[in-house]
Amino acid sequence: MWKVTRVYCHECGFQNTEEGKYCSKCGALLPEEDASPEETIRFSPEADDRESDFDGLTEIAKEGVSLVVRSGGGLAGETFEPAGEKTTIGRHPDSNIFLDDITVSRNHAVLIQKPDGFYIQDQGSLNGTYVNRARVETQKLTDGDQVQVGKYKLTYIER
């Protein structure tokens, strides 16, 4: 059985096979070794402007508040509900919303429930947290907002 090793581009986050020296997506020079599991690589939301044409998000969303994955990491259609007053988002296995990709920091962001609604707060992540393509530190979410954490694009839905 053949084992294919993947190398992540430090410029755009694209997964390349190990035999290439340059990223097949953006042409950047690839690193000599793959990033360690403890390391987060840089990723720009503008690097991948392709939008998922994932229809029916509101049908998938649970009653109440949900974050539905539109694209990223093969999780399209996955629905996450808040886990109490604070919902952790990150690459740490204990995160309430576990996003297993090196473009996501271990403790990337927190979804916080306040009396007037839900807020997303970045936790000092390398790649930042984006709401409707704008980088935010803390942002109140409204129905239909597009949230990006690393390469994952999610939609915030209130039902």
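Here, every reference points to the structure presented above.
Just so it is clear, the model here is predicted, and its values are computed rather than measured.

Draft legend 1. Fine view of the overall build of the chain. Tallying secondary structure elements over the chain gives one helix and 13 strands in all. Along the chain direction, N to C, the helices and strands of the chain fall in the order β-β-α-β-β-β-β-β-β-β-β-β-β-β. Within the span of the chain, comprising 159 residues, buried residues form 43% of the whole. In the chain, once contacts between residues fewer than 6 apart in sequence are set aside, the share between residues at least 24 apart is 38%. On the chain, roughly 9000 Å² of surface is accessible, and the fraction owed to carbon and sulfur atoms is 47%.

Draft legend 2. Representation of the pattern of salt bridges. All chains considered together, the criterion is met by one salt bridge. The shortest N-O distance in the salt bridge between K151 and D101 comes to 3.3 Å. Placement of K151 in the loop between β12 (146-149) and β13 (152-158) and of D101 in the loop between β6 (97-98) and β7 (109-114) is noted, with a sequence separation of 50 residues between them. With relative accessibility at 21%, the residue K151 sits in the partly exposed group. By relative accessible area, which is 5% here, D101 ends up buried.

Parameters and conventions
Every chain begins its residue count from 1, and numbering advances along the sequence as written. Reporting of local features is limited, given that this is a predicted model, to residues whose pLDDT is at least 70; pairs of side-chain atoms are given and counted only at 80 or more, and all residues count toward the totals for whole chains, interfaces and linings. Side-chain figures throughout are based on the complete set of non-hydrogen atoms in the structure, without hydrogens or water. Note on conventions: DSSP H or I runs of at least 4 residues are helices, E runs of at least 2 residues are strands, and numbering of each starts at the N terminus. Only protein chains enter the accessibility calculation, which uses a 1.4 Å probe; a residue is then buried when its area is under 20% of its type maximum, exposed when over 50%, and partly exposed in between. Note on definitions: a residue-residue contact is assigned when non-hydrogen atoms from the two residues lie within 4.5 Å. Each accessible area is a Shrake-Rupley estimate made with a 1.4 Å probe; only the visible protein chains count as cover when residues are assessed. Salt bridges are defined by distance alone: a side-chain nitrogen of Lys or Arg within 4 Å of a carboxyl oxygen of Asp or Glu.

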